[in-house]
Amino acid sequence: MTQQYRVTLLPGDGIGPEIMAVAVSLLKAVAPQFDLEFQFQSAPIGGAAIEATGEPLPPETLAQAKESDAVLLAAIGGYQWDSLPRAQRPETGLLAIREGLGLFANLRPATIFPELLDASSLKREVVEGVDIMVVRELTGGIYFGQPKGIFTLETGEKRGVNTMAYREGEIDRIAKVAFEIARKRRGKLCSVDKANVLDVSQLWRDRVELMAQSYPDVELSHLYVDNAAMQLVRAPRQFDTIVTGNLFGDILSDEAAMLTGSIGMLPSASLGSSGPGLFEPVHGSAPDIAGQDKANPLAQALSAAMMLRYGLDQPQAAAKIEEAVKAVLRQGYRTGDIFSPGARLVGCQAMGEALLANLGS
Ligand code: IPM
Ligand code: MG
């Protein structure tokens, strides 16, 4: 029997609509091969939503996302909205949908494609074989802690405040996700914090230690975030699964992404304890190349694959898209961000067509 899924599409801003179009064409192509049927419904978020409704996450968008089986997001943001009050900025819409869907676990794999080894700014022998999963806590920490704001002191001087806070329960649930993932990978988990300075990190470390007792098969280590940032570029192969809080995860996942040559290659999955997951590339909306057919759609394609694998439990359809990505790289197709001499330089649409050709529909 045909399995039907309702998928909310959030193309967003900048290159978002271009790369989303590619992902949708791939999903449409794999659907009949695995007896799936997608009902796609687009909704505005970010700058596009600000223009349409004045808000970066209209209530209708959140409501529709909640009613769907999965949410596929492209990217949000652009210079023209950067000076708006924080509540109306595109980024606020992204944080609000993560919070609104309860997506506390953000999975960001950084895997090297052998064909792109020379696209990395690091030496081949350093990055060869890198396969890291960053598990970032996504709905807590300094992004959401109270108090926050810019306050005026009695002297008239302004003081900006954010609060890095984690409750035990918040740490436990992300730690559990990370241990489960590490167990299915190479059985190594590195928890990253700043426990030499921050109390919130000490609690983080204590709770992760406690959780480790239930996972004797997983080898747990701890690193301070400054050291972790250094180790990631010094010897990235030492890492298997990394678990860390919201801010450190934001930073380290960009760094891990760059090991692979281009942040334009990396997908992510954001999951809660129930309800639809949200799947999006790690990269941003790249307003400088928007509308020029230059964007790399591969992270978006891989996000659609993550949606199939982690959101809809369709691992075979996911593998099909992942194989198509590997195939186009083998065939030498490259967008500008991953181009090296001798390769076939293509735009976003042509890359999409090359992917489709490899899906063999
Ligand atoms: C990310 C982005 C977002 C974040 C921004 C756009 C709010 O950098 O998804 O990593 O900081 O979480
Ligand atoms: Mg980021």
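Please read all numbers here as calculations on a predicted model, not as lab measurements. Think of each chain on its own: its residues are numbered from 1, step by step along the sequence as written. Labels follow written order: the first chain is A, the first ligand is 1, and so on. This being a predicted model, a pLDDT of at least 70 is required before a residue's local features are given, and a value of 80 or more before pairs of side-chain atoms are given or counted; all residues contribute to the totals for chains, interfaces and linings. Working from all heavy atoms in the structure, the side-chain values ignore hydrogens and water.

K.L.:
Would you mind going over the sheet that holds strand 11 (residues 267-271) with me for this structure?
P.N.:
Adjacent strands of a sheet pair through backbone hydrogen bonds, lying either parallel or antiparallel. Each pair of strands is called paired provided DSSP finds at least two bridges between the two strands. Numbering of helices and strands starts at the N terminus; helices are DSSP runs of H or I of at least 4 residues and strands are runs of E of at least 2. The mixed open sheet is built from 10 strands, whose spatial order is 2-1-3-12-11-4-5-10-8-9. Pairing within the sheet leaves two strands with one partner each, and these edge strands are strand 2 (36-42) and strand 9 (219-224). On average, each strand axis in the sheet is tilted by 25° relative to the strand beside it, whichever way the strands run. Here helix 8 (residues 225-234) sits on the sheet in contact with strand 5 (131-137), strand 8 (188-193), strand 9 and strand 10 (241-244), set at roughly 105° to strand 9. Structural elements are reduced to axes, namely lines fitted to C-alpha atoms, with helices fitted over the stretch in contact, and the angle between N-to-C directions of any two is expressed from 0 to 180 degrees. Between two residues, a contact is recorded if the distance between any of their heavy atoms is within 4.5 Å.

K.L.:
So what exactly am I meant to see when it comes to the site of ligand 1 here?
P.N.:
Whether a residue is near a molecule or strand depends on its heavy atoms: it is near if one of them lies within 4 Å of it. If you check the shell around ligand 1, you find E91, L94, R98, R108, R136, Y143 and D250 and nothing else. Within 3.5 Å is the distance limit for a polar contact, defined as a pair of N or O atoms, with the added protein rule that one can donate a hydrogen and the other accept it, and that residues adjacent in sequence qualify only through two side-chain atoms. Interatomic distance of 2.8 Å between a side-chain N/O atom of R108 and an oxygen atom of ligand 1. Take R136: an N or O atom from its side chain is 2.8 Å from an oxygen atom of ligand 1. Note on areas: Shrake-Rupley, 1.4 Å probe, and residue coverage restricted to the protein chains presented here. In the complex, 76% of the free accessible area of ligand 1, which totals 320 Å², lies under the protein chains. Among the elements that make up the shell around ligand 1, the one with the highest residue count is helix 4 (residues 90-100) (3 residues). Only Asp, Glu, Lys and Arg are considered charged in this grouping, and only Ala, Val, Leu, Ile, Met, Phe, Trp, Tyr, Cys and Pro are considered nonpolar; every other residue, Gly among them, is considered polar. When the residues that make up the shell around ligand 1 are grouped by side-chain class, the tally is 2 nonpolar, no polar and 5 charged. There are two domains that each give the shell around ligand 1 at least three residues, and those are domain 1 (1-101 + 275-361) and domain 2 (113-262). For each domain, the first and last residues come from an automatic or database assignment.

K.L.:
Help me understand helix 8 in this model?
P.N.:
Since there are 3.6 residues in each turn of an α-helix, residues three or four apart along the chain are aligned in direction. Throughout, exposure labels follow a simple rule: accessible area from a 1.4 Å probe, protein chains only, divided by the maximum for the residue type, with under 20% read as buried, over 50% as exposed, and the rest as partly exposed. Restricting attention to buried positions, one finds in helix 8 the residues V225, A228, Q231 and L232. Viewed end-on, helix 8 has its buried residues packed into an arc of 115°, placing them on one side of the element. Looking at the buried side of helix 8, the elements it contacts are strand 5, strand 8, strand 9, strand 10 and helix 9 (246-259). Taking the helix axis as origin, the arc is that swept by the directions to the C-beta atoms.

K.L.:
In this structure, what is going on with the side chain of S68? I would like to understand it.
P.N.:
Looking at the secondary structure, you find S68 in the loop between helix 3 (59-67) and strand 3 (70-75). By relative accessible area, S68 is classed as buried at 8%. A polar atom in the side chain of S68 sits 3.5 Å from the backbone oxygen of A70. Residue contacts for S68: discarding those within four places in its chain leaves R6, T8 and P276.

K.L.:
Honestly, the domain arrangement of the protein chain in this entry has me stumped. Any pointers?
P.N.:
Per the domain assignment, the segments of the protein chain are domain 1 (1-101 + 275-361) and domain 2 (113-262). Between domain 1 and domain 2, the C-alpha centre-to-centre distance is 24 Å. Contacts between domain 1 and domain 2 engage 13 residues on the former and 12 residues on the latter. Between domain 1 and domain 2 lies a buried interface of about 1200 Å² when both sides are counted; carbon and sulfur atoms form 73% of it. Buried area adds together the accessible area that both of two parts lose upon being put together, with accessible area traced by a 1.4 Å probe. Summed over the three residues of domain 1 that lose the most area to domain 2, namely L95, R98 and L329, the buried surface amounts to 37% of that side. Salt bridges are counted wherever a side-chain nitrogen of Lys or Arg sits within 4 Å of a carboxyl oxygen of Asp or Glu. On the surface where domain 1 and domain 2 come into contact, there are 0 salt bridges. Taken together, the connections running from domain 1 to domain 2 amount to 1 residue pair in polar contact (both at pLDDT 80 or more). Of all the elements in the fold, those that place two or more residues in the side of domain 1 that touches domain 2 are helix 4, helix 10 (298-311) and helix 11 (315-330). Looking at the side of domain 1 that touches domain 2, its residues break down into 7 nonpolar, no polar and 6 charged.

K.L.:
Teacher, can you tell me more about helix 1 (residues 16-30) here?
P.N.:
If you check helix 1, its first and last C-alpha atoms are 21 Å apart, about what 15 residues at 1.5 Å a residue would give, namely 21 Å. Most of helix 1 sits out of view: 11 of its 15 residues are buried. Looking only at helix 1, the buried set comprises G16, E18, I19, M20, V22, A23, V24, L26, L27, A29 and V30. Under the convention used throughout, the expected extent of a helix is 1.5 Å for every residue step, that is, one less than its residue count.

K.L.:
Whenever I open this one, the packing of helix 1 against helix 10 confuses me. Can you help?
P.N.:
Geometrically, a packed helix pair is captured by the angle between its two axes and the distance between the axes. Helix 10 packs onto helix 1 with a crossing angle of 45° between their chain directions and a minimal axis gap of 8 Å. With respect to helix 10, the element helix 1 is oriented oblique. As helix 1 runs across helix 10, the sense of the crossing is right-handed. Each of I19, M20, A23, L26, L27 and V30 in helix 1 lies in contact with helix 10, whose residues at this interface are Q300, A301, A304, M307 and L308. Taken together, the residues of the contact of helix 1 with helix 10 sort by class into 10 nonpolar, 1 polar and no charged. Should an angle fall under 35 degrees it is taken as roughly parallel, and over 145 as roughly antiparallel, whereas 65 to 115 is taken as roughly perpendicular and any remaining angle as oblique. Put simply, a crossing is left-handed when the front helix is turned counterclockwise from the back one by less than a right angle, and right-handed when it is turned clockwise.

K.L.:
Which parts of the structure should I look at to understand the nonpolar core?
P.N.:
Side chains of a nonpolar character, in soluble globular proteins, are inclined to be buried together. Of all hydrophobic cores here, the largest spans 94 residues; its most connected members are L72 and L308. Element by element, the count of residues in this core is highest for helix 1, at 9 residues. Each of domain 1 (1-101 + 275-361) and domain 2 (113-262) accounts for three or more of the residues forming this core. Filtering out sequence-adjacent residues up to four positions away, L308 remains in contact with L27, V30, L36, F38, D313, Q314, P315, A317, A318 and I321. For our purposes a nonpolar core is just a set of buried Ala, Val, Leu, Ile, Met, Phe, Trp, Tyr and Cys residues, chained together by side-chain atoms within 4.5 Å. Counting residues in each nonpolar core, the second largest holds 14 residues, with L57, L62, L73 and I76 among its members.

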